[in-house]
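# Observations on chain architecture
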Amino acid sequence: MEAEKFESPFKGRSLLNWIDWTPDEILQILDYAFLVKKQSHAGEVHQRFLGKTIALIFEKRSTRTRSSFETAFGEEGGHPVFMSTADIQLGEKESVKDTARVMGRMFSAIEFRGFKQDHVEQLAKYSGIPVINGLTDDYHPTQVLADVMTLKEHFGEIKGLTICFCGDGRNNMARSLMLICSKLGMNFSLYAPKELQPAKDIIEICKPFAEKSGAKITISSEKDVVKGADCLYTDVWVSMGEEKLKEERMRLLRDYQVNRDLMNHTGKKTVFLHCLPAVKEQEVTEEVFEGPESLVWDEAENRKHTIKAIMLALIK
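Residues numbered from 1 in each chain as written. Predicted model: local features only at pLDDT ≥ 70, side-chain atom pairs only at ≥ 80, totals over all residues. Heavy atoms only, no water.

### Topic: the nonpolar core
To be explicit about the condition: Only buried residues count toward a nonpolar core, which is a set of Ala, Val, Leu, Ile, Met, Phe, Trp, Tyr and Cys residues joined through side-chain atoms within 4.5 Å. For each residue, the accessible area found with a 1.4 Å probe, counting protein chains only, is set against the maximum for its type, and the residue is called buried under 20%, exposed over 50%, and partly exposed in between. Each helix corresponds to a stretch of at least 4 residues labelled H or I by DSSP, and each strand to a stretch of at least 2 residues labelled E; elements are numbered beginning at the N terminus. By the convention used here, residues are in contact when the closest approach between their heavy atoms is within 4.5 Å.
Formed by 58 residues in total, the largest nonpolar core has its most connected members in Trp18, Ile29 and Met311. The leading source of residues in this core is helix α6 (residues 172-184), at eight residues. The residues touching methionine 311, leaving out its near neighbours within four places in the chain, are Phe49, Ile54, Phe69, Ala72, Phe73 and Ile132. Core analysis: the second largest hydrophobic core is formed by 22 residues, Leu252, Phe272, Val288 and Phe289 among them.

### A short note on helix α5 (residues 141-155)
Every α-helical turn comprises 3.6 residues, leaving residues that sit three or four positions apart pointing alike. Which entries qualify depends on this criterion: A helix is expected to span 1.5 Å multiplied by its residue count minus one.
Given a rise of 1.5 Å per residue, 15 residues ought to cover 21 Å, and the 21 Å separating the end C-alpha atoms of α5 matches this to within 8%. Burial analysis of α5 places 11 of its 15 residues in the buried class, which makes it a mostly covered element. When we look at burial in α5, the residues that qualify are Pro141, Thr142, Gln143, Val144, Leu145, Ala146, Asp147, Val148, Met149, Thr150 and Leu151. Positive backbone phi, at 90 degrees, marks glycine 156, one or two positions downstream of α5.

### Focus: the state of the cysteines
Applied cut-off: Working definition: a disulfide is two cysteine sulfur atoms within 2.5 Å of each other.
Tallying each qualifying case throughout the model produces zero disulfides. You can see cysteine 164 has no disulfide; the closest cysteine sulfur is in cysteine 166, sitting 4.2 Å from it. Judged by relative accessible area, which is 0%, cysteine 164 ranks as buried. Free of any disulfide, cysteine 206 has its nearest neighbouring cysteine sulfur in cysteine 181, separated by 9.0 Å.

### As for the sheet that holds strand β1 (residues 53-58)
Our working definition: DSSP calls a pair of strands paired once it identifies at least 2 bridges connecting them. Axis definition: a line fit to C-alpha positions, over the contact stretch in the case of helices; interaxial angles, taken between N-to-C directions, run 0 to 180 degrees.
Strand order in the open sheet formed by four strands is β2-β1-β3-β4, with parallel pairing between adjacent strands. Unpaired on one side and paired on the other, β2 (79-84) and β4 (131-135) mark the two borders of the sheet. Within this sheet the neighbouring strands show an average axis-to-axis angle of 20 degrees, counted without direction. Pairing of strand β3 (residues 109-113) with β4 involves four bridges; the strand directions are parallel. Looking at β4, one finds that arginine 113 is bridged to leucine 135.

### Things to note about the pattern of salt bridges
Keep this limit in mind: Here a salt bridge means any side-chain nitrogen of Lys or Arg lying within 4 Å of a carboxyl oxygen belonging to Asp or Glu.
In total, this model carries 19 salt bridges according to the counting rule given. Where lysine 37 meets glutamate 153, a salt bridge forms, and the shortest distance between an N and an O atom there is 2.7 Å. Taken together, the residues lysine 37 in helix α1 (residues 23-41) and glutamate 153 in helix α5 connect sequence positions 116 residues apart. The exposure class of glutamate 153 is partly exposed, given its relative accessible area of 33%. Here aspartate 230 and lysine 268 are joined by a salt bridge, their closest N and O atoms 2.9 Å apart. Of this pair, aspartate 230 sits in the loop between β7 (217-220) and β8 (231-234) while lysine 268 sits in the loop between α9 (260-265) and β9 (271-274), and the two are 38 residues apart along the sequence. One network of salt bridges, with partners in common, ties together Arg48, Glu75, Glu76, Lys304 and Lys308.

### Notes on the side chain of serine 127
Stated precisely, the cut-off is as follows: Residues adjacent in sequence count toward polar contacts only when both atoms are side-chain atoms; beyond that, a polar contact is any pair of N or O atoms within 3.5 Å, and within protein one must be able to donate a hydrogen and the other to accept it.
As for its position among the elements, serine 127 is in helix α4 (residues 117-127). On the accessibility criterion, serine 127 (7% relative accessible area) is buried. Within the local environment of serine 127, its side chain forms a polar contact with the backbone oxygen of leucine 123, the two atoms lying 2.7 Å apart. Sequence-distant contacts of serine 127, that is, excluding residues within four places in its chain, are made with Ala100, Gly104 and Ile110.

### Quick notes on the layout of surface pockets
How we decide: Cavity and pocket criteria rest on a 1 Å grid covering protein atoms alone: a 1.4 Å probe that fits but cannot get out defines a cavity, protein on both sides within 12 Å along at least 5 of 7 lines defines an open pocket, and an atom within 4 Å of a point defines a lining residue. Grid points are joined across faces, edges and corners, and a volume is the space filled by probe spheres set on the points. Only Asp, Glu, Lys and Arg are considered charged in this grouping, and only Ala, Val, Leu, Ile, Met, Phe, Trp, Tyr, Cys and Pro are considered nonpolar; every other residue, Gly among them, is considered polar.
In this structure, the largest pocket spans a volume of roughly 780 Å³. Residue assignment for the lining of the largest pocket shows that the elements contributing at least two residues are α2 (64-75) and α6. Of all the elements, α6 adds the most residues to the lining of the largest pocket, at three residues. Of the residues contributing to the lining of the largest pocket, the split by class is 11 nonpolar, 10 polar and 14 charged. Of all the secondary-structure elements, those providing two or more residues to the lining of the second largest pocket are α1, α6 and α7 (200-213). Considered class by class, the residues forming the lining of the second largest pocket number six nonpolar, three polar and five charged.

### Re the packing of aromatic side chains
Rule in force here: What counts as a ring pair is set by centres within 6.5 Å for rings of Phe, Tyr and Trp (its six-membered ring), and what kind of pair is set by the plane angle: stacked under 30 degrees, edge-to-face over 60, tilted for all other angles.
Per the stated rule, a full pass over the model turns up eight aromatic pairs. Ring centres 5.2 Å apart and planes at 65 degrees place the aromatic pair phenylalanine 10 and tryptophan 21 in the edge-to-face group. Here phenylalanine 10, found in the segment before α1, pairs with tryptophan 21, found in the segment before α1; they are 11 residues apart in sequence, far enough to count as distant. Residues phenylalanine 10 and tryptophan 21 agree in their burial class; the two are buried.

Listed below in structure tokens is the structure:
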């Protein structure tokens, strides 16, 4: 049977971050995600990647990203090929540029999850096929789309919502949430110690987007910044590759834990999100993580639907 075609105006594009995507384009991908989730829950079987292949390059370990890409692509009849740093020569014996040019002749698309944003950008520049950023030190675009989907499911509307990120404000999640919120007219606040507040580059990137969408960006080390937040969001205090900094991070962030007191301090009914994995009793208490305000399992499931939507939108 011939595979059902998925019409999208984004065929051939890459997703390296959300900077070059308009709000309407992001919302279109989000609509695709709701469609494929509905199809999945209805038990529909489609083969829209029949005859397609995707290279899944993982420098960093993963549960949700790998599971989402492999199951979503395989269910649609495609063949995902997993590659760790032990499997290929990326950036060591062979340059990223040369690896990209080889893969561009063999695969329909590439996913990259690793350290350097420059590497995913080189893969996109030289491969000639769509490249999807599954996480770098700078951005995590697939995760924040799943976050927005989860909030839209819960609240109905996303414009005007306030997300407050608590913890390490320099990491890829804080940066990516600030970016997608500024694009979509969602207010973004950050509760972080001064030593761990966002770099100037991402603030400057987001500022014109926020002005256009009406989003408000607020950065503070004071607890009152969480007041009025519709969602408190956190991430692990020690990111992959920064294990040597654990003691310093614990010292800086111990007062920024998401706990019952912080949830109550918002002054409204606030939901909780976490990109996972979580270290419970560090960045979040067990009580909040497992409590009725927590949407982390819907959020985790939505990784798969948003990633399938992105692949359907981009792969020719």
